[in-house]
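Okay, here's what each chain looks like letter by letter:
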Amino acid sequence: MKKIMADENEETSTFLVLFAQEHVDFRVPSPFLEIVLPLEDDAQKILSRSLSIKSLYELWGTGKTLAQLCENLKKYPTRRMQPYCSKEATFRINVETYNKKIPQSQREHYYEALSFLPFKGKVALDNPENQFSLVLDFGQDTNVAAETPCRYYFGRLIGKGQRHLCQKYSLKDRYFIGNTSMDPLLSFFMANQGQARPGTLVFDPFVGTGSTLLSCGHFGSRVFGSDIDKNLITGRGKSSRASSKCKWRKRDEIIRTNFINAGLEHLFVDVMVADASRQVLRPTPIFDAIITDPPYGVREGVRSQISEKELTENRSEAELGYPSIHLGRLSDIILSLLHFSSQYLCLNGRLVFWLPVYKPSYSDSKVPHHPCFRLVANSEQNLFTNISRHLLTMEKTHEYNKSVTMDSLRDKNREFEIMCDRFRENYFTPSNSS
Ligand SMILES: C[S@@+](CC[C@H](N)C(=O)[O-])C[C@H]1O[C@@H](n2cnc3c(N)ncnc32)[C@H](O)[C@@H]1O
């Protein structure tokens, strides 16, 4: 999220965003962000999608000291405070701290200091009409918290983010899971990056147990997926549930059941068994987003239906009628995903996928590129000392161009290929075990 500079326009309000301390690489470095928005509705829209935001406030004042905060609060326009301070409106003030816990006695001191605020209504600890927070920032150093806050904020609570969705879609309670099921928080980040919303169609070509599709469905997209693993798609094979009495999957342990359980079946188009290296769909730009977690060849098999014979024959793409890729190479998985997306994504549609990397050999310049796409975002999730994965978001900016083939893509992405194809080898070097 970009910081928007405050302007003097009376019609806008400054809001304070307080982020959760989880997957911090996916947001601005500070857990506090001040933004200026025209309407409270805009703040509500942000809250309705965000799982990084803990809470969001209409900011009434801020300061480096308590005295400075109080001074600034006195300057906040009374007409803006009034609707929330009337005799009829019940309210509650919370004292929240970042990076330090404080005793109740200190909280009392802060309530006392804020007693000049023009609240006329009754205090209600349960279900107040309006909630306010004094937020105390004790600094970023998690080893040594500052003695006193380095910044004070006071604001009206607009609402909380969607973090409760992590519980609602928890893998622990999900009926159908597998050993590579994506964590719900990350699945929601992916759905947001892909701008999943009503009226759109999202595709996951490495769908696995369908975690990414479930998050996209929650945001209103219709969803469709494919995977090479017939057992995953059809409810066969061994169950991944540790608690499962029966070691085999039941026939309803499939993605559709998860959608039924979440009340989202109407958005589930279908899933099919297919090899991502084969074009089984007529090439048309039909997807608004392609959101996926490709196999890295570490926990799950990277497979291909291309026979050894076809591989040794080394026939051209035109002869084969599909890209001549062998998905045994991580670089081919990724480049073929870009190639596929350039044909099947609508213009301005988004491709969102994870790229695993060995950190010492990574640099931003080695991120794969394709002439039909521009990179919109690149967020890193650290996994082990030397291993991380990057969530890449790309936007299709140009229509599919026949002259861009897998071979030409490989030529233009040599550095990426080298980095990528050493990933598996590097992953298993001893220094990477956590
Ligand atoms: C990292 S997992 C995806 C996990 C998924 N996001 C989930 O939440 O369950 C990668 C998936 O790619 C599938 N896969 C491997 N090679 C494939 C291929 N050539 N074509 C299609 N799917 C493939 C694997 O069966 C596996 O389910």
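Each chain has its residues counted from 1, running along the sequence as written. With the structure being a predicted model, the display of local features is reserved for residues of pLDDT at least 70 and the display and counting of side-chain atom pairs for 80 or more, all residues being used for whole-chain, interface and lining totals.

Chemist: Any chance you could break down the overall build of the protein chain for me, citing the residues and the numbers?
Modeler: Across its full length, the protein chain holds 15 helices and 13 strands. Exposed residues have 12 or fewer other C-beta atoms within 10 Å of their own C-beta, buried residues have 20 or more, and residues in between are partly exposed; the C-beta atoms are placed from the backbone. Looking at the 434 residues of the protein chain, the share that counts as buried comes to 35%. Residue pairs in contact within the protein chain that sit at least 24 positions apart in sequence constitute 72% of those at least 6 positions apart. Labels follow the DSSP assignment, with helices taken as runs of H or I lasting at least four residues and strands as runs of E lasting at least two, numbered in each case from the N terminus. By definition, residues are in contact whenever their C-beta atoms, placed on the basis of the backbone, come within 7 Å of each other.

Chemist: Tell me what's going on with unusual backbone geometry, and back it up with residues and numbers.
Modeler: Positive phi outside glycine occurs at Asn-127, with the angle close to 45°. When you line up the elements, Asn-127 lands in the loop between α4 (104-113) and β5 (130-137). We classify Asn-127 as exposed; it has 8 C-beta atoms within 10 Å.

Chemist: Lay out the nonpolar core with the relevant residues and their values.
Modeler: Of all hydrophobic cores here, the largest spans 61 residues; its most connected members are Val-202, Cys-216, Ile-290, Ile-291 and Ile-334. When residues in this core are grouped by element, the largest group, eight residues, is from helix α12 (residues 330-344). Once residues within four sequence positions are removed from consideration, Ile-290 is found in contact with Phe-203, Pro-205, Ser-341, Tyr-344, Leu-345 and Leu-351. Nonpolar cores are built from buried Ala, Val, Leu, Ile, Met, Phe, Trp, Tyr and Cys residues. These are joined into a set through C-beta atoms within 7 Å. Leu-59, Tyr-98, Phe-119 and Tyr-152 belong to the second-largest nonpolar core, a separate cluster that totals 25 residues.

Chemist: Would you mind going over the pairing of strand β1 (residues 13-19) in detail, with residue names and values included?
Modeler: Counting buried positions along β1 yields six of seven residues, so the element is predominantly enclosed. Think of it this way: DSSP has to see at least two bridges between two strands before they count as a pair. The pairing of β1 with strand β2 (residues 32-37) spans six bridges and is antiparallel. Within β2, the residue paired with Leu-18 across the bridge is Phe-32. Of the strand pairs in this sheet, β1 and strand β3 (residues 53-63) are connected by five bridges, and their pairing is antiparallel.

Chemist: Can you lay out the sheet that holds strand β8 (residues 222-227) for me, pointing to particular residues and giving the numbers?
Modeler: If you walk across this open sheet you meet the seven strands as β9-β8-β7-β10-β11-β13-β12, and the pairing is mixed. Across the chains shown, the open sheet's two edge strands, defined by having one partner strand only, are β9 (268-273) and β12 (373-382). Strand-to-strand, the axes of this sheet are offset by a mean angle of 15°, without reference to chain direction. Where strand β10 (residues 287-292) and strand β11 (residues 345-358) come together, five bridges link them in parallel fashion. Axes, fitted as lines to C-alpha atoms, cover a helix only where it is in contact. Angles between the N-to-C directions of the axes lie from 0 to 180 degrees.

Chemist: Kindly report on the pairing of strand β4 (residues 91-98), identifying the contributing residues and their values.
Modeler: Of the pairings in the sheet, the one linking β4 to β5 comprises eight bridges and is parallel in character. When the bridges of β5 are listed, Arg-92 appears paired with Gln-131. Throughout, right-handed denotes a crossover for which the path from the first strand over the helix to the second runs clockwise when the strands point away from the viewer. At this point the chain moves from β4, through α4, to the parallel β5, and the crossover so formed is left-handed.

Chemist: Report on the environment of His-390, specifying residues and quantitative values.
Modeler: Mapping His-390 onto the fold places it in strand β13 (residues 387-396). Since 18 C-beta atoms lie within 10 Å of it, His-390 is described here as partly exposed. Here the alpha-carbon distance between His-390 and Val-357, two residues 33 residues apart in the chain, equals 7.5 Å. Discounting chain neighbours no more than four positions away, the residues touching His-390 are Leu-355, Val-357, Asn-378, Ser-379 and Glu-380.

Chemist: How would you summarise the environment of Thr-90 if you had to cite specific residues and measurements?
Modeler: Relative to the helices and strands, Thr-90 resides in the loop between α3 (78-81) and β4. Separated by 40 residues in the primary sequence, Thr-90 and Asn-130 place their C-alpha atoms 6.5 Å from one another. Beyond its immediate sequence surroundings of up to four residues, Thr-90 is in contact with Gly-121, Lys-122, Ala-124, Pro-128 and Glu-129.

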